[in-house]
Amino acid sequence: QVQLVESGGGLVQAGDSLRLSCKASGRTFSNWRMGWFRRGPGKEREFVVAIWRSGGTDYADSVKGRFTISRDNAKNTVYLQMNSLKPEDTAVYYCAADPTNGANSYDYWGQGTQVTVSS
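One structure accompanies this document, and this report is about it. Model, not experiment: these values are computed from the prediction. (Residues numbered from 1 in each chain as written. Predicted model: local features only at pLDDT ≥ 70, side-chain atom pairs only at ≥ 80, totals over all residues. Heavy atoms only, no water.)

**Points about the packing of aromatic side chains**
Two aromatic rings are characterised by how far apart their centres lie and by the angle between their planes. In the structure shown here, the tally under the stated rule is five aromatic pairs. Taking the centre distance of 5.7 Å and the plane angle of 65° together, the rings of Phe29 and Trp32 count as edge-to-face. A relative accessible area of 3% means that Trp32 is categorised as buried. Pairwise contacts between aromatic rings join Phe37, Phe47, Tyr106 and Trp109 into one cluster. (Phe/Tyr/Trp six-rings, centres within 6.5 Å; stacked < 30°, edge-to-face > 60°. Buried < 20%, exposed > 50% of the residue type's maximum accessible area, 1.4 Å probe, protein only.)

The structure is reproduced here in structure tokens:
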């Protein structure tokens, strides 16, 4: 069973930075596609960014140039560096894992971590 635990959320001001972490259980983490999603107040969950086992990435247009995803396979951890935060980035951020590296959808989800950006 895969477990994902996010951390690093908090309350910041517009323009500030935060780094989210997601630690995964599982011995084949390096083969997984990992993603970050978010759900803002009153909104549907939306895709933020993904990283494949190759290290390739895919970003939502709304975060390009401001957010950076990275992974440390030795630590079974994926990171989301968020810079130049805006109030519209306020959301619960979820980490997700796809052990098939894109063949299927994300099967495992973390509990979420709250990010609040004040203006």
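**Quick notes on the state of the cysteines**
In a disulfide, the sulfur atoms of two cysteines are covalently bonded to one another. Scanning the entire structure with this criterion turns up one disulfide. Sulfur-sulfur distance for the disulfide between Cys22 and Cys95 comes to 2.0 Å. What sets the handedness of the Cys22 and Cys95 disulfide is the S-S torsion sign, and at about -75° it is left-handed. Of this pair, Cys22 sits in strand β3 (residues 18–24) while Cys95 sits in strand β9 (residues 91–98), and the two are 73 residues apart along the sequence. With a relative accessible area of 0%, Cys95 lands in the buried category. (Disulfide = S-S within 2.5 Å. Helix = DSSP H or I, 4+ residues; strand = E, 2+ residues; numbered from the N terminus.)

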